[in-house]
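Structural characterization, general
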Amino acid sequence: MLKRFPNCLLAELPAQYLDHYQTYKSLTAALETLNSERFRFLGVNSTEYCLPESLHLTPGKNVWWPARLGESVAPRNLCLIEQSGLPVTRRCLGDYLYGCAWDWNPGSELCTGQHRSTTSALYQYSVSPLNHSVLGEVLTRAGEILAVPEQVIPADLFYLSKTLENVPPVLEQSETGSPDEERRAYFCNVSTILSRVMYLNETTVVRSQRALNTTNILLDATETIVNRLAVANDTRAMMLEGDQYDCRDRDGAMQRHVQRHDGTVLFRTARLIVLIADPTVANVTGLALFRARNLSLEDLSDAAENSESEEDFSGYTLRYLYMNQSLEDLLAESDLEIGSFIPQHVIEGLDELNTAFRAPDDEEQDPDAPDESTTTLPAPVEHPDPPVSPAPPPLRVIITIYYNDHAFRETKNGTIARPNSKIISVSLPGYGSRMPDEIPIYTREMARELPSRCGYWSFEADNATEFGHWSYDECRLLNASDSGVSLCGCYHLTSFSRLTKDIQMVETVGVSQKLIADQGTLALDIITAIGCSMSLLGVMGIFATAALFPSWRVKASSKILLQLSCAIAIEMIIIFLEGPDIDQNRISQIECALLGGTFHYIILVTFMWMLITAYLQFMRYVKVLGQLRPAHFILKATVCCWGGPLLIVALFLSLDYTLYLKRDNLSDICYPHGRALWYGLLLPIGAIIFVNLVSFVIVLYHICTIPSNLTKSADHAMTLAQLRLSVFLFFLLGLPWIFGMLTTGTEEKLFAYLFCLTAPVQGFVLFVYFVVMDPTARRFWCRKLQRLPCCRARATKDADADQTTTSANTSFNTYL
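Residues numbered from 1 in each chain as written. Predicted model: local features only at pLDDT ≥ 70, side-chain atom pairs only at ≥ 80, totals over all residues. Heavy atoms only, no water.

Topic: the overall build of the protein
- On a plain count of helices and strands, the protein comes out with 26 helices and 23 strands.
- Taking all 816 residues of the protein together, 49% fall into the buried category.
- Of the contacts formed within the protein by residues at least 6 apart in sequence, a portion of 74% connects residues at least 24 apart.
- Carbon and sulfur atoms form 57% of the exposed surface of the protein, whose accessible area is close to 40000 Å². (Helix = DSSP H or I, 4+ residues; strand = E, 2+ residues; numbered from the N terminus. Buried < 20%, exposed > 50% of the residue type's maximum accessible area, 1.4 Å probe, protein only. Contact = heavy atoms within 4.5 Å. Areas by Shrake-Rupley, 256 points an atom, 1.4 Å probe, with all protein chains shown as cover.)

Structure representation (structure tokens):
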């Protein structure tokens, strides 16, 4: 494929870009000849485009077409970053004063050598010229690639959007003479593609949109395709029959329903419904979606949660709306889910506008023209035929209902607007997006307890890193029903929904930032692996000490240490076993949920034992009088630490086990997400870390006030003892997780490195403090090692050294 690619690059470059490129090359060549001691040529910049350096693929290089100021583009050759699943990207920076310049020039060394067949196919479609003979096959194949959502990567979605962007010119060339079956297939293929996009993982969609504006390109391309098909003459015959088509694959054929003869044609897929209506036939100008009357809202929600097959439009019925539909009557229907129509007065307003634009303005005359009333003998002139005003485009109303907001996701971090209902799109091809009056939009709020506003999707970018967003202007709430249906009024023709607020964290996918992030991720993975290995070795040392020396393990402090070490060991093993390398297609959802629940559970157990140790340290160093441990303390602590987290995890698994599934198959793991993450994990460990931090500060304060009555000779030993205890308490109480909490919601790598350097080595630190630095445990090991000939001399020396210890005033014991 790549061997043929360079030969066609120059020919494929659009004419406008080719003119800029040739001018750029000519200027560069001319100015380079002026290089001298007094003149040094730096370069030529366009104030509108970043221009390519070359149009041919060479070893170690990528081929870049022009990009507008502020635009990010992918290379024309296939070059994917393996970890992100995205093509390598390059951004055009600068301003209109100094011109545009590329941010960097990523070479082909970043490209992964392994290409998936589906990605390669979509890429080839996006760069190859389309024609009428292959269009149907390309659209069908593109829909088939999306049939398995778990296997779709962000690059697939991008190349799919670029492929659809090339379809409208092909439709212009073949507007006449298209067979009905072929035209129906086009409608169904485009509808199926959009429907399957709504099955894709949200992370995959947002990552692709943030990097390359993918979903906006996709939405604009599909809307253009449907609009051009809708106004074509061949489509009118389909609309006169009033057919409805079920585009879902059933025995390999589209399903055709009863004829209505009302100027409509409807295409229905699992998660997308498209209606095209001609109001001049039977006054149909809208569509409403209703829940099945034998199901309540709660029943339908439960069915959607418990069965993936119900997470589509199967449980809904449709009804066409007429231009004289009563606003209040429709709002009063309790089963209404979403709907919209173009009222009669809006249609009449459009007719008046078109008439005004077509009517010649007889009242305005040329002031320099002679006054015919003073001319007695006007010369005979031939009157040409008056110019014929262009006829208005045929009136077509296109209503599209989307099941979810996967294609309408904002790309910024922090607080964003999220639809609180399904999404409906209204368009009139050829009549612009601004209407003479408000369009009624009916939506049912999914979560009535959340504050919501009427809004529409705007394709305009607020800044350089945000491509599309939900907007509130020119939309207002007109009325609301007791059943939860809201009536909004909007002047724009676009996609509408009822919006609420949400929080999201989006991965940085900028070009240079992505390269640095990938390298940093590799370094963090290596640091984590080393730390976990050290922690496991430390825990194994603690277990070995307990197994070899019964008198050491029967102590209460050792029992607590062993249970904490057990939890840490299980946690480290899961970290080693689980990761993005686990293919979600090879394990069931139940297995992934159980693995994520186990990880959730063992983290909470670890923190519960850290909380117990914080309590014991507080009692030892702050409350020095009275009973330090309640009766049956070990038994009570064991039940609390191992039983409490089990209740939390079981609760979230029973409510919604999908909270523990991987959100994408590239970088995510089986781990709590959403409510389980925020309320089941981060909130409990945040509270424990806060308590442990307060305990840490109080314990250190009391320890640091002890040596006030010591002599100067003992100050140095006491300071070292305090320092050792401070480091030990920092790890023992899980305070390194503070760095982990600080990484949430930020792209700064400092806290990530601090967390990976400190948190995974907790088991090793416990081994050093409780075994290596504990005189009793060390003496046990020295006696054991004395039996080995190779270690006898060294063990004897260490045993003798243990007999000489520091005074009680300048050391702290290692007991819990």
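There's more to say after this.
Things to note about helix 5 (residues 154-165)
- Here helix 5 is 12 residues long and its end C-alpha atoms lie 17 Å apart, about the 16 Å a rise of 1.5 Å per residue gives.
- Here helix 5 lies mainly inside the structure; 10 of its 12 residues are buried.
- Looking at helix 5, one finds that the buried residues are Pro154, Ala155, Asp156, Leu157, Phe158, Tyr159, Leu160, Ser161, Thr163 and Leu164. (Expected span 1.5 Å × (residues − 1).)

Notes on the side chain of Ser72
- Locating Ser72 in the fold gives a position in strand 3 (residues 72-73).
- Residue Ser72 is classed as buried on the basis of its relative accessible area, which comes to 14%.
- At a separation of 2.8 Å, a polar atom in the side chain of Ser72 contacts the side chain of Arg91.
- Apart from the residues lying within four places of it in its own chain, the contact partners of Ser72 are Arg90, Arg91, Ala211 and Leu212. (Polar contact = N/O pair within 3.5 Å; in protein donor to acceptor, adjacent residues only side chain to side chain.)

Comments concerning the packing of aromatic side chains
- For the structure shown, the criterion picks out 19 aromatic pairs.
- Aromatic side chains Phe599 and Tyr671 sit 5.4 Å apart centroid to centroid with 70 degrees between the ring planes, which places their arrangement in the edge-to-face category. Taken together, the positions of Phe599 in helix 18 (residues 589-621) and Tyr671 in the loop between helix 19 (633-655) and helix 20 (674-704) put the pair 72 residues apart, joining distant regions of the chain. Each member of the pair Phe599 and Tyr671 is classed as buried.
- Where Tyr769 meets Phe770, the ring centres are 5.8 Å apart and the plane angle is 80 degrees; that geometry is what we call edge-to-face.
- Given a relative accessible area of 5%, Tyr769 falls into the buried group.
- In this structure Phe770 comes out as buried when scored by relative accessible area, which is 5%. (Phe/Tyr/Trp six-rings, centres within 6.5 Å; stacked < 30°, edge-to-face > 60°.)

Things to note about the pattern of salt bridges
- Across all of its chains, the model carries 16 salt bridges by this definition.
- We note a salt bridge from Asp156 to Arg116, for which the minimum N-O separation is 3.0 Å. Separated by 40 residues along the polypeptide, Asp156 in helix 5 and Arg116 in the loop between strand 7 (99-102) and helix 3 (117-127) bring together distant segments of the chain.
- Residue classification places Arg116 among the partly exposed residues on the basis of a relative accessible area of 29%.
- In this structure, the salt-bridge partner of Arg271 is Glu311, at a minimum N-O distance of 3.5 Å. Linking Arg271 in the loop between strand 10 (264-268) and strand 11 (272-277) with Glu311 in the loop between helix 12 (297-306) and strand 13 (316-322), this pair joins segments that are 40 residues apart in sequence.
- Members of the salt-bridge network, linked through shared partners, are Arg291, Glu337, Lys422 and Arg444. (Salt bridge = Lys/Arg side-chain N within 4 Å of Asp/Glu carboxyl O.)

A short note on the pairing of strand 12 (residues 284-291)
- Of all 8 residues in strand 12, 8 are buried; the element is thus mostly enclosed.
- Direction of pairing for strand 12 relative to strand 13: antiparallel, over a ladder of 7 bridges. Looking at strand 13, one finds that Arg291 is bridged to Tyr316.
- Sheet topology note: the strand 12/strand 14 (residues 336-341) ladder contains 5 bridges and is antiparallel. The partner of Gly286 across the bridge, within strand 14, is Phe341. (Pairing = 2+ DSSP bridges.)

Observations regarding the sheet that holds strand 22 (residues 485-492)
- Strand order in the open sheet formed by 6 strands is 13-12-14-18-22-21, with antiparallel pairing between adjacent strands. Strands at the two margins of the open sheet, each flanked by one partner only, are strand 13 and strand 21 (475-480). Looking at each pair of strands side by side, their axes are set apart by 20 degrees on average, direction ignored. (Axes fitted to C-alpha atoms, helices over the stretch in contact; angles between N-to-C directions.)

A look at the state of the cysteines
- For the structure on display, the rule yields 6 disulfides.
- Each disulfide in the protein links cysteines that, numbered along the sequence, combine into the pattern 1-3, 2-4, 5-6, 7-9, 8-10, 11-12.
- The thiol of Cys641 is not disulfide-bonded; the next cysteine sulfur, from Cys640, is found 5.3 Å away. (Disulfide = S-S within 2.5 Å.)

A word on the environment of Val73
- Here Val73 lies in strand 3.
- A relative accessible area of 12% places Val73 in the buried class.
- Measuring from C-alpha to C-alpha, the distance between Val73 and Leu212 comes to 6.6 Å, with 139 residues separating the pair along the chain.
- Apart from the residues lying within four places of it in its own chain, the contact partners of Val73 are Trp64, Ala67, Val88, Thr89, Arg90, Trp102 and Leu212.

Details of the UniProt feature "transmembrane region" (unreviewed entry) in the protein
- Mapped onto this structure's residue numbering, the UniProt feature "transmembrane region" (unreviewed entry) falls at residues 522-548, 560-579, 599-621, 633-657, 677-704, 725-744 and 750-772.
- Within residues 677-704, the helical portion is 100% and the strand portion 0%, while the C-alpha atoms at the span's ends are 38 Å from each other.
- Taken end to end, residues 750-772 is 87% helix and 0% strand, and its first and last C-alpha atoms sit 31 Å apart. (UniProt positions renumbered as here; feature names shortened; annotations may be inferred.)

Regarding the sheet that holds strand 7
- If you walk across this open sheet you meet the 3 strands as 3-6-7, and the pairing is antiparallel. In the strand order of this sheet, the two ends are held by strand 3 and strand 7, each with one partner.
- Alignment of strand 6 (residues 90-95) against strand 7, held across 4 bridges, turns out to be antiparallel. Across the sheet, Cys92 pairs through a bridge with Trp102, a residue of strand 7.

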